[in-house]
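# Architecture and fold: a report
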Amino acid sequence: MDFGDCQVALLAKDGIYINDFPRFIATITLPPGGRADVVLRCSGEGDQVVQSLAAHGNKDVFVGPLLTLRTLGPVVDAGVLLPWKPLSRPTYLQDLRGELTAPDCRCMTPLGLGGNTKWISGHLYEGPKQYLHQWPQDAVAERVISGVDKHTYHQHTWPFQLQDDPAGADPYFKAGDWHDSYQNIVDSQVTVRFSTVDYSGPEIVHCHILSHSDMGMIGVELVRGHGPDACACDLLGEAKPVALVGLPGGKPGHALMFAAASTFLAMLGIGAATMLQVYQTVSNAADYAELPDGQTSSRRGAQEDDCLLFLMIAPMAVRTW
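Each residue is numbered by its place in its chain's sequence as written, counting from 1. Totals for whole chains, interfaces and linings use all residues, but because this is a predicted model, local features are given only for residues with pLDDT of at least 70 and pairs of side-chain atoms are given and counted only at 80 or more. Hydrogens and water are ignored here; the side-chain numbers use all heavy atoms of the structure.

Per an unreviewed UniProt entry, the chain goes by the name Plastocyanin-like domain-containing protein and belongs to Polarella glacialis.

Next up, the structure:
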């Protein structure tokens with residue numbers, strides 16, 4: 001967004017104050033779902049047209065006037081904008097840069113790479129309990145996102161902090177800034193950090209170009225456990241049942257599943273032993289001769305017992321599982 005001859009000072013992005021107000025910028029780069037708070041100073045009377053421009057030859061955006069700013073009355077000396085930042089920030093917005101906040105978990109999150117332009121980490125949406133990554137609770141998490149030159153990365157639950165100045169030297173983007181939606185068409189990769197505080201459970205990431213999200217560019221991640229051992233990246237790419245990883249309740253949930261599986265296996269053992277006994281009975285009955293008065297051999301009765309025992313055992317095993 002271009003504001004003509006007006007002076008523009010950035011105050012906040014995605015609802016979070018920057019640390020170095022007033023940061024004077026020439027334009028605002030807003031992705032789908034992104035927000036910016038700015039202070040404007042327009043000199044002299046007249047109209048200033050705020051326009052949307054096609055930055056760096058990008059043809060997939062609207063180009064043209066958005067609104068008109070009309071300045072009325074005499075010119076007033078507004079003085080100098082003084083530096084300002086919040087005196088304190090909540091826990092989830094503490095500065096995460098530097099070695100003192102080394103991450104407990106670090107995962108890669110590529111967008112639209114690997115053969116499908118709508119993939120996240122190589123997968124389309126696979127269901128509410130099919131998790132892309134697992135992050136520890138109350139931890140510093142680091143994510144390396146690639147493909148943000150073509151897709152708007154949006155993260156629910158916590159905003160994230162830029163760890164480096166992106167390429168392009170656009171003052172709108174600086175290390176230390178916080179976002180919940182991010183796209184930079186001149187730099188395809190960004191490293192961000194966030195704090196997994198005050199929450200555990202599933203959280204959503206997706207492309208904020210909603211047509212992309214509707215086509216499967218959305219994923220679920222899990223936050224649980226503590227410490228580096230609870231960090232797990234690319235769960236869908238591993239040869240293990242992801243549903244077990246996503247089972248709510250932590251260790252008790254695993255214990256319950258283990259107990260159920262053990263009971264199921266025990267029932268199979270009992271069933272196998274019973275079937276073996278039935279088979280031996282049937283084998284012995286095969287040697288019997290036909291009984292007098294037209295009665296059949298005991299082989300038929302043994303077969304009926306075989307079916308009856310199987311029908312009794314099978315439902316019990318299913319319910320246990």
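Picking up where we left off.
### As for the pattern of salt bridges
Selection criterion: Any carboxyl oxygen of Asp or Glu within 4 Å of a side-chain nitrogen of Lys or Arg constitutes a salt bridge here. Only runs of H or I of at least four residues qualify as helices and only runs of E of at least two qualify as strands under DSSP, and these elements are numbered from the N terminus. Only protein chains enter the accessibility calculation, which uses a 1.4 Å probe; a residue whose area is less than 20% of its type maximum is buried, one above 50% is exposed, and one in between is partly exposed.
Under the criterion given, the structure shown has 13 salt bridges. Arg23 is the salt-bridge partner of Asp177, the closest N and O atoms lying 2.8 Å from each other. One end of the pair, Asp177, is in the loop between strand S11 (160-162) and strand S12 (178-179); the other, Arg23, is in strand S3 (residues 23-25), with 154 residues separating them in the sequence. Classification of Arg23 as buried rests on a relative accessible area of 5%. Here Arg97 ties to Asp95 by a salt bridge, and the two come within 3.1 Å at their closest N and O atoms. Here Arg97 falls in the partly exposed class, since its relative accessible area comes to 34%. Here Asp95 falls in the partly exposed class, since its relative accessible area comes to 40%. Three or more residues joined by partner-sharing salt bridges are found here, namely Lys13, Asp20, Arg23, Lys174 and Asp177.

### Examining the sheet that holds S12
The cut-off we apply is this: Strand pairing is assigned whenever DSSP identifies at least 2 bridges connecting the two strands.
Taken in spatial order, the five strands of this open sheet run S7-S9-S14-S11-S12, and their pairing is mixed. Looking at which strands have only one partner, the edges of the open sheet turn out to be strand S7 (105-110) and S12. The pairing of S11 with S12 spans two bridges and is antiparallel. Bridging across to S12, Gln161 finds its partner in Trp178.

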